[in-house]
Amino acid sequence: FTAQPYAKFESLFGFQEYGDSSQSLPMTMKKLSATFNSGLIENKYMFYGHLGKIHSNGYRTQSAMDMGAYFFGALMLSDNMTTRVHFFGGPLEDQLVYNGLSKSVNSDKKLRRQNLTGYPDDKTGDFIYTNARRPQEKEAFNQPHYEILNEWKISDKQKINNTVFFYDSHGYYDYDASWADTSMLRINHSYGFNTTQNITNGIVRGAVDLYQWGWLPRYELQHENGELTIGAEYRYHKGTHWGRLAYGEGLPSNYDPDYRIYQYDGIKHMASLYATEIYHPQVDVSVMANVQLAYNEYKIENERFLNHSLSVPYYFLNPRLGINYNVTDEWNTYFSFGYTSREPRLRNLYAAEDAYWDPGATPQFKILNQANGVIQYDYTSPLVKPEQLLDLELGTGYKTSMMAGTVNVYWMEFTHELVKSGQIDIFGSPIYGNADRTRHIGFELDGTVRLPYSLLFSGNISLSSNKIIKLTTVIKDSTSGSTTYTHQQKLDGNPIAGFPDMMGNIRFGYQDDALSAFLSIKYVGEFYTDNFKNAANKNDAYTLINFESLFKLPTIAGTEISIRAEVRNVFNTLYTQTGEGNQFYPAAERNYLIGLTMKL
C-alpha cells in the first residue's frame, strides 16, 4: 500500500472501424473507473477502494454487455499485526453469444458478426445453425465477496497468516426454449397441468443461488539457511441450481409462474494441507520441496424429478521438487519435478442442467442394473477419471541492468488428461473426455533488451508438441429403432484440440517518464478444434499488429493527467481466435481506444 493519499479517475472509449458502415452499427466500448487511497491515518489506519463500469454493445449482434466493479478495503496496523477487511464484486449483465460460426463466414464482415443458435448433429456432433439468437436471451450474475486477512508477526522469524472469506452469489441466464415441448418443460397432465396445446416461443430462466466460505491459515518460519511454510485450506461450496419458464405462449390456466421445471443442489468440499521448504545448502543454491495432501468431494442432492443423488470423494498427494543454481550474478539455471492430480469438474461426472433436456446427459458412472427403463448407477465407480500429471522442467536465465532473458524446456506426461472433444453442450460449453495418455513437450524463450535513446525491445516465443499418445473413441454411425450402430476409432498420435504448436510476441518502442509508444506483433499458429485431425476443423494461424501509447501531461494544480491511445489489429486482419469442432469464433476487426486518467 502506498502511504500517500490519492484519487485516480480513468475514462476509456473504444470503437470499431468498418469499411462499409451500412453493414451494422459500429461496436463501441465505454469504461469509467475511479480509485482512491486515504493514505495512513495516525500511522494506523488506511481506507482504499475502486469503482468501475464497462459498457459495450458487442462485436456480434445481440451481444451487449454491462459490467460493474467495486472494491472497498480498510487496513489496521499495529506493532506486530496487520488486518485487512475487503468487500468487492463485479455485477455483470450481458446477452448470450456462445455459439461459434462456420469458418466460411470469417472473410465476410457482415456475416462474421452473426449470433446464431442451433443444435449439434446427433451423429457427427457438428453444429447445425437454425435461427438468430433472440434479443431476450441474456444473463446476469452478482457475487459479493467478503474477506478478512490477518498477519501476526510473532517474532522476527515467525508469522501466521489467516484469511477467512464468504461469497454470496446469485445469477441467471435466459435462453431460447422454443424447441422444447410440454413434456420436456414438465408442463403437461403428468405434472398436474391442464394442457390442451403445445407451449410456443418459450424462454427458460436457468438460475443459481450459491454461497461459499472458507479458511486459509498459513505459518511461516525463517530458520538457518531456509524458510518453512506450513498451510491449509478449507472451502465449502453449495449452489442451488434451478430453472423455470420465464416466458411462453399457450400456457395452461393453472400454471404457476414460480413453478420450477428443474432443481438440484451441487456441493463441493475442498480441504488440503501443504508444506513448503526453501533451503539454501550454500549461498548460490536453493532447493524447494513442496508436498500437498488434498481432499475434494462432489455431491448432488435434492434433485427434483430425476432423483439422482451422488457423493464422490477424491484424495491426492502432490509432491514437487525444484533446484536453482546462481552460476554468477547474471546467470542462473534451474530444474523442477512435479507430480500432481486433479479431479474432473462436476459437469464431467453429471451435467445435471443438461439432463432435463438431453437424454444423453446421464450420470457418468458404471451401470449396476437396467430394467423397465430404470437405470441404477454405481456412484462409487465414475467413468471419468482424475487427471494425473508428471512435469519436468529445465531452464536458465540471464539478467543485467540492460537485458534479461530466460530459456525453458518442459516435458508434461499426462494420464487421463481431460481433452476437448470438439463438441459443445446445449449451453455452449466444450465437452471434455479422458484420454488414456497425452504428452506436451515445449521450448520457451523470452527476453527484454534496453537500447540507447530510451528504446525497449522485448519478445517471447513458444514451440510445443501436444499429442495424444493413446485414445480410442466410439463413433456413432446410425440408429435403427432402438439399436445404435457404432465403431471404434483410434486417435493415437493426433494433435490435441486447442493447442497451437507455435506462439510468439514481439514488442518494440520508446519509453521515458513522460511518453511511451509501442508497436507489438502477436503470432498464433494453426491448431485443430477437435481431436480427429480433421482438416476442415482447423483454426488458421494469424498475426496481429497493435499500437499503444501513453502521454503524461505536466502536473496542473497538483493533478497528474495522462492520455492513452491504442489501435488494436492495425491492419484489420479478419481471423478466428479459437473454435470447437466446426464452430469458430471471429475476433474483432480494427478498433481504437482513447483514455484519460487523472490522479489527484
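Residues numbered from 1 in each chain as written. Predicted model: local features only at pLDDT ≥ 70, side-chain atom pairs only at ≥ 80, totals over all residues. Heavy atoms only, no water.

*Asks:* Give a description of the overall build of the protein that names residues and reports values.
*Replies:* Looking only at helices and strands, the protein has 2 helices and 34 strands in total. In terms of overall size, the protein behaves like a compact globule, its C-alpha atoms giving a radius of gyration of 28 Å where 600 residues would be expected to give roughly 25 Å. Overall, the protein is about 75 × 60 × 55 Å in size when its C-alpha atoms are taken along their principal axes. For the protein, restricting intrachain contacts to residue pairs at least 6 apart in sequence, the fraction spanning at least 24 positions comes to 62%. (Helix = DSSP H or I, 4+ residues; strand = E, 2+ residues; numbered from the N terminus. Rg over C-alpha atoms; globule rule 2.2 N^0.38 Å. Contact = heavy atoms within 4.5 Å.)

*Asks:* Go over the pairing of strand β12 (residues 200-223) with me, naming the residues and quoting the values.
*Replies:* Bridge count for strand β11 (residues 158-176) against β12 is 19 bridges, and the pairing is antiparallel. From the neighbouring strand, Asn162 faces β12, where its bridge partner is Pro217. Of the strand pairs in this sheet, β12 and strand β13 (residues 226-249) are connected by 20 bridges, and their pairing is antiparallel. Residue pairing for β13: Ala207 is matched across the bridge by Trp242. In this antiparallel pair of consecutive strands, β12 and β13, the connection spans 2 residues, and Asn225 shows a positive phi of 70°. (Pairing = 2+ DSSP bridges.)

*Asks:* Lay out the pattern of salt bridges with the relevant residues and their values.
*Replies:* Under the defined criterion, the tally for this structure stands at 21 salt bridges. The residue Lys103 makes a salt bridge to Asp540 at a minimum N-O spacing of 3.1 Å. You can see Lys103 sitting in the loop between β6 (92-95) and β7 (116-120) and its partner Asp540 sitting in the loop between β29 (538-539) and β30 (542-552), a full 437 residues away along the chain. Lys103 gets classed as partly exposed once you look at its relative accessible area, which sits at 26%. Residue Asp540 is classed as partly exposed on the basis of its relative accessible area of 40%. A salt bridge links Arg437 to Glu413, with the nearest nitrogen and oxygen atoms 2.7 Å apart. Highlighted residues: Arg437 in strand β22 (residues 430-451) and Glu413 in strand β21 (residues 403-424), separated in sequence by 24 residues. Of the residues examined, Arg437 reaches a relative accessible area of 33% and is grouped as partly exposed. According to the relative accessible area criterion, Glu413 is buried, its value standing at 15%. (Salt bridge = Lys/Arg side-chain N within 4 Å of Asp/Glu carboxyl O. Buried < 20%, exposed > 50% of the residue type's maximum accessible area, 1.4 Å probe, protein only.)

*Asks:* If you had to explain the environment of Gly579 to someone new, which residues and values would you point to?
*Replies:* Mapping Gly579 onto the fold places it in strand β32 (residues 576-580). Sequence separation of Gly579 and Pro120 is 459 residues, and the distance between their C-alpha atoms is 14 Å.

*Asks:* A description of the environment of Arg507 should follow, citing residues and the corresponding values.
*Replies:* Along the chain, the position of Arg507 falls in strand β26 (residues 502-511). Taking the relative accessible area as the measure of exposure, Arg507 reaches 29% and is therefore partly exposed. Sequence separation of Arg507 and Thr400 is 107 residues, and the distance between their C-alpha atoms is 19 Å. Residue contacts for Arg507: discarding those within four places in its chain leaves Leu456, Phe457, Ser458, Phe518, Leu519, Ser520 and Glu548. In terms of polar contacts, Arg507 uses its side chain to reach the side chain of Glu548, at 3.2 Å. (Polar contact = N/O pair within 3.5 Å; in protein donor to acceptor, adjacent residues only side chain to side chain.)

*Asks:* Outline the packing of aromatic side chains, listing residues and values.
*Replies:* Per the stated rule, a full pass over the model turns up 24 aromatic pairs. Seen from their ring centres, Tyr377 and Tyr379 are 6.1 Å apart, and the 35° between their planes marks the pair as tilted. Grouping aromatic residues by their ring pairs yields a cluster made of Tyr70, Phe87, Tyr146, Phe166, Tyr211, Trp213, Tyr234 and Tyr236. It is Arg260 that lies over the ring of Trp242; its NZ or CZ is 4.0 Å from the centre. Here the basic side chain of Arg507 rests over the ring of Phe518, its NZ or CZ set 3.9 Å away from the ring centre. (Phe/Tyr/Trp six-rings, centres within 6.5 Å; stacked < 30°, edge-to-face > 60°. Lys NZ or Arg CZ within 6 Å of the ring centre and 35° of its normal.)

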